[in-house]
Amino acid sequence: MSRYDRWNSILELLAQEGRLSVEEAAESLDVSTATIRRDFDQLAQQQMLMRTRGGAVAQSVSYDLPLRYKTARHADEKHRIAAAAADLVAPGAVVGMNGGTTTSELARTLATRSTLETGFTIVTNALNIAAELTVRQHVKIVVTGGVARQQSYELIGPLASGVLDQVTLDVAFLGVDALDVELGASAHHEGEASVNSLLIGRAAQVVVVADSSKLGKRAFARICPVNQIDTLVTDERLSDEMASRFADAGVKVIRA
């Protein structure tokens, strides 16, 4: 297990439990207590957790990890979700996309699809997606305005509306922190939720791309009700019962 994988696992355990001892972490990750102590110290230096005598406690930031720590989570599922979502994009389409690990994987997949080599447009508030795809000559990149958020590399704030008010999207792909049939889609941060709502308002079709660990959950800031979502692309772990609930709410479910 790499250092970043360990750190990701530690922060996930802290997010679930709130408190973690050195011995508990070492046993869970099958590494030495000395390794865990070093990991705790390094994560504390980055203000990702608070050190205690014999362990660590969660900081509020642990519930919304920076993008670089999320990449290893549910990686296989995200690859499959991205491949299935890419099938929904036609050549020449104008595609809206927010930030996140699943949408970042989708952007890479779209950029390498032979069926889209004639060109398409991505409108995004995600700096990492824009930077990665700028070198692709067949992909036109439009970036919203806004203030960069370090957690997700997304531009947020009222400046984003200046661009989004002037574009029309064929499809908007949204990565979300949570999706619930009753509450709808939601995000940990209200600024991200606001920009996501703007993307939805400009799109003819709205597609949520999210692995099953985010379904049936709720986060702090609401993005939209479920009746504004046309399609959900998720993984095979979604239960038949929950899939039926989304379908009954008018959402087409694709399990990849």
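In this report, we go over the structure that sits alongside the text. (Residues numbered from 1 in each chain as written. Predicted model: local features only at pLDDT ≥ 70, side-chain atom pairs only at ≥ 80, totals over all residues. Heavy atoms only, no water.)

### Description of a nonpolar patch on the surface
There is a patch of nonpolar side chains on the surface, built from Leu127, Val143 and Tyr153 and spanning about 210 Å² of accessible area. Tracing the backbone through its elements, the reader meets Val143 in strand S6 (residues 139-143). (Patch = residues over 30% accessible without salt bridge, like charges linked within 9 Å, V, L, I, M, F, W, Y side chains within 5 Å. Areas by Shrake-Rupley, 256 points an atom, 1.4 Å probe, with all protein chains shown as cover. Salt bridge = Lys/Arg side-chain N within 4 Å of Asp/Glu carboxyl O. Helix = DSSP H or I, 4+ residues; strand = E, 2+ residues; numbered from the N terminus.)

### Concerning the sheet that holds strand S14 (residues 231-234)
Ordered in space as S6-S5-S4-S9-S12-S14-S15, the seven strands form an open sheet in which the pairing is parallel. Every other strand in the sheet has two partners, leaving S6 and strand S15 (252-255) as the edge strands with one partner each. Averaged over all pairs of adjacent strands, the angle between their axes in this sheet comes to 20°, without regard to strand direction. Taken together, the three bridges between strand S4 (residues 94-97) and strand S9 (residues 171-175) define a ladder with parallel strand orientation. Residue pairing in the sheet places Val95 in a bridge with Val171 of S9. Each of S4, strand S5 (120-124), S9 and strand S12 (206-209) is contacted by helix H9 (residues 190-201), which is oriented at about 155° to S9, the strand it contacts most. Here helix H10 (residues 240-248) sits on the sheet and contacts S14 and S15; the angle it forms with S15, its principal contact strand, is near 150°. (Pairing = 2+ DSSP bridges. Axes fitted to C-alpha atoms, helices over the stretch in contact; angles between N-to-C directions. Contact = heavy atoms within 4.5 Å.)

### Considering the sheet that holds strand S2 (residues 49-52)
Judged by pairing direction, the sheet is antiparallel, and its three strands sit side by side in the order S1-S3-S2 without closing on themselves. Taken across any chain shown, the strands that pair with only one partner, and hence form the sheet edges, are strand S1 (19-21) and S2. This sheet shows a mean twist of 25° between the axes of neighbouring strands, independent of strand direction. Note that S2 and strand S3 (residues 55-58) share four bridges and pair antiparallel. Each residue of the ladder has a partner; that of Met50, found in S3, is Val57. Packed on one face of the sheet, helix H3 (residues 33-45) meets S1, S2 and S3 and runs near 130° to S2.

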